[in-house]
Amino acid sequence: MKIARYLAHGQISYGLVDGDSVKELSASPFEDYTVTDHTHKLSEVKLLAPCIPPKILAIGLNYSSHLHDRPGPTEPMVFFKTTISVIGPDDTIIRPKDTTRLDAECELVVIIKDKCRNVSKEDAMSHVLGYTCGNDVSARDWQREDRNWWRAKSSDTFSPAGPYIVDDIDPSNVRVMTRINGNEVQNESTSYLIFDIPTLISYCSKFMTLEPGDMIYTGTPGEPGEMKDGDVCEVEIEGIGILRNPIKVE
Ligand code: MG
């Protein structure tokens, strides 16, 4: 299953992607829906972020290749990103003019299916609708200097997501990649996650009710690359697709 959220003829819909076309759903994928006969060519719709998340949880330091000389975490290191920072495929990432370093972070993003709390690891995957590509855009100077990561991780446009929600990948072993202007800067398998997806869902839901559409950005590997004015950033995950965004200075 591959689900898109898109704009066509002034109307926002969810649809099931089938080859180069998309079939409109009667309701959101978080409700009871049917697949209608209303079809568009994918090339004729504007793809949007694949859902509107009630909240975004993100995990820091979740690949050993990203730790460098820092000690590994003993529990998942969770922070928030704001929902207003979400943008979709081909939308522009705005680089604030007074940050000195803006990085791309490719991440596998979990989309929660239903309301849940205190979920066991064994049960966690039954609460997942699917997965999408995410870019945890990070202003490194602000991340280092501010007491809180509010603007470092959540300035407007800092949470690109898309292009689709896919449920038929093995999230424990897919390659997550970033290319900037076509040059690969990150490429690693999710099999190297320090805390796997069932652990993250179980841990987060111990403290906080998870809701339909919630996104969990699961962390980034290796050495993120910088995004400058005029660059094009691509986050690709095997089996999901490519999330492509141009960069412009504010
Ligand atoms: Mg990150």
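The shown structure was predicted, so the numbers you read here are calculated from the model rather than taken from an experiment.

**Some thoughts on the domain arrangement of the protein chain**
Examined at the domain level, the protein chain breaks down into domain 1 (2–47) and domain 2 (56–249). Taking the mean C-alpha position of each, domain 1 and domain 2 sit 25 Å from one another. On the domain 2 side, the residues contacting the 9 residues of domain 1 number 13 residues. Both faces combined, the contact of domain 1 with domain 2 buries some 880 Å², and carbon together with sulfur accounts for 66% of it. For the domain 1 face of the interface with domain 2, the top three residues by lost area are Lys2, Phe30 and Leu47, together amounting to 60%. At the boundary of domain 1 with domain 2, the tally comes to 1 salt bridge.

**Observations regarding helix 3 (residues 197–207)**
Buried residues dominate helix 3, accounting for 9 of its 11 residues. By the burial criterion, the buried members of helix 3 are Ile197, Pro198, Thr199, Leu200, Ile201, Ser202, Tyr203, Cys204 and Ser205.

**Comments concerning the sheet that holds strand 9 (residues 93–95)**
The strand order 9-19-18-15-16 describes an open sheet built from 5 strands, whose pairing is mixed. Looking along the sheet, the strands with just one partner apiece sit at the ends: strand 9 and strand 16 (183–189). Strand-to-strand, the axes of this sheet are offset by a mean angle of 20°, without reference to chain direction. Two elements, strand 18 (residues 232–237) and strand 19 (residues 241–249), share 6 bridges in a ladder whose sense is antiparallel. Note on strand 19: the bridge partner recorded for Val232 is Pro246.

Rules behind the numbers
Residues numbered from 1 in each chain as written. Predicted model: local features only at pLDDT ≥ 70, side-chain atom pairs only at ≥ 80, totals over all residues. Heavy atoms only, no water. Domains from an automatic or database assignment. Contact = heavy atoms within 4.5 Å. Buried area = accessible area lost by both parts, 1.4 Å probe. Salt bridge = Lys/Arg side-chain N within 4 Å of Asp/Glu carboxyl O. Buried < 20%, exposed > 50% of the residue type's maximum accessible area, 1.4 Å probe, protein only. Helix = DSSP H or I, 4+ residues; strand = E, 2+ residues; numbered from the N terminus. Pairing = 2+ DSSP bridges. Axes fitted to C-alpha atoms, helices over the stretch in contact; angles between N-to-C directions.

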